[in-house]
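# Structural characterization, general
Chain by chain, the residues run as shown.
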Amino acid sequence: MTKLFTEAKNFIEKCYKELGKDEDIPNRLGEIREEIEVTGTYEHTFHELEIGAKMAWRNSNKCIGRLFWDTLHVKDARHLHDSDKIFKALNHHLLEASNGGKIRPTITIFAPRGRGGKDKLRIWNHQLIRYAGYETEDGVIGDPMSIPFTKVCEQLGWRGERSHFDILPHVIQVYENEPVWQEVPSECVLEVDLVHPEVAGIQDLGLKWYALPAISDMKLEIGGIEYTAAPFNGWYMGTEIGARNFADADRYNMLPKIASIIGLDTSRNSNLWKDRALVELNRSVLYSFQQAGVSIVDHHTAAEQFKKFEKKEKVSGRELTGRWSWLIPPVSPATTHIFHKRYKDELVTPNYFHQEYPYS
Ligand code: HEM
Ligand SMILES: N=C(Nc1cccc(CNC[C@@H]2CCCN2)c1)c1cccs1
């Protein structure tokens, strides 16, 4: 019994039982065994791919957004091998998922790793939309986290304008070919300018952020098949932008500037100026996205939704797994129920996995 067939068997049994199609299991397993014997691998039906991608989301222990796992919109791009068609599919994903602001959780699944472990496609971007970062003698411009990948893009011939918000190009590698890059068309990028409901000076900071968080560097594994290019998006939880991307000292480091605009005394910790700046920055993110009609969730609502997910899983007879340290939000964690309970951080497949960087 090959390792691949064992993994396929585990998935097919779990998947067909969940779909109430138990009687189809023997026949399907016979087909897969035959296909593995002849070709060394096997191909999922679209329905198996769709339920597999949804189950992988449901099994993502670090994700607070799992209540909506069954609404994932799955797009099958396994037949695309030409870089131009792949770039088009990425841009189509951005447009379809953004949906003018009413974001649709979507995944586009490209061709899986072949037998012998040869990747058919890798997307070098961490996220389909992200800002560039540059180290200059006058300090850092843009997102410090993007400095290494921005260097790779500029080595490949791309040149950024060196603003704090340059959208990085899509970089893909088909088989063993050289990676190729393409600018993201501006009509595919929805952005929100930052304003504050009460403090007028905030908009003078000229801050903005992109609407669509779309992870493009993780591997989706279903029944032993590795989809090394399967970009997926949801919508943001406000704290990701307001408490990490804009707030971390080694990211955009905005808290001192926010504090001075609000008029806070930043000379001593004990007046909690950092905490007050953090709350106002997060209020500004949520307010700006809501005013712009772009989907976003606050961390209290997200926690309540996660509680509903916990209940639904129990009713479905499934053991809930989670990673507490990622599930608690970075702002006011103890005001959520998550903080006050424990979670089993066990791996259940199908799932999404980090994979080694395709560039050094
Ligand atoms: C629909 C709205 C969604 C929200 C609000 C949400 C929220 C989050 C947040 C806040 C994190 C932690 C990210 C961080 O701290 O860097 C996370 C992690 C994660 N989410 Fe979700 N999520 C959503 C949808 C999805 C979808 C559609 C998928 C996949 C199909 C997904 C898969 C994951 C995975 C795999 C991680 C862990 C990433 C890692 O290990 O680096 N999520 N989610
Ligand atoms: N809202 C989202 N946030 C999210 C989900 C998974 C992974 C990430 C990125 N995590 C790594 C970043 C970079 C350093 C700390 N956070 C963001 C979603 C992204 C894609 C689907 S949902």
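This report concerns the structure included in the present document. (Residues numbered from 1 in each chain as written. Chains lettered and ligands numbered in written order. Predicted model: local features only at pLDDT ≥ 70, side-chain atom pairs only at ≥ 80, totals over all residues. Heavy atoms only, no water.)

Right, let's get into the site of ligand 1. For ligand 1, the set of nearby residues contains 17 residues, the closest of which are W57, K62, C63, F232 and H354. Elements that contribute at least two residues to the shell around ligand 1 include exactly β13 (232–233) and β16 (351–354). Within the shell around ligand 1, the residues separate by chemical class into 11 nonpolar, 4 polar and 2 charged. (Near = heavy atom within 4 Å. Helix = DSSP H or I, 4+ residues; strand = E, 2+ residues; numbered from the N terminus. Nonpolar A, V, L, I, M, F, W, Y, C, P; charged D, E, K, R; others polar.)

Moving on to unusual backbone geometry. Note that the residue after T349, namely P350, is joined by a cis bond; omega there is 0 degrees. One can find P350 in the loop between α10 (324–327) and β16. Residues other than glycine seldom take positive phi values, yet N99 does so here, at roughly 50 degrees. Judged by its relative accessible area of 31%, N99 is partly exposed. Located in the positive-phi region is Y175, a residue other than glycine, with phi close to 50 degrees. (Buried < 20%, exposed > 50% of the residue type's maximum accessible area, 1.4 Å probe, protein only.)

By the secondary structure assignment, R130 is in the loop between β3 (121–123) and β4 (133–136). For the buried R130, no salt bridge exists, and the shortest N-O distance to an oppositely charged side chain is 4.3 Å, to D143. Apart from residues no more than four positions distant in its own chain, R130 is found in contact with D143, M145, S146, D166, I167, L168, Y210 and R251. (Lys, Arg positive; Asp, Glu negative; His and termini not counted. Salt bridge = Lys/Arg side-chain N within 4 Å of Asp/Glu carboxyl O. Contact = heavy atoms within 4.5 Å.)

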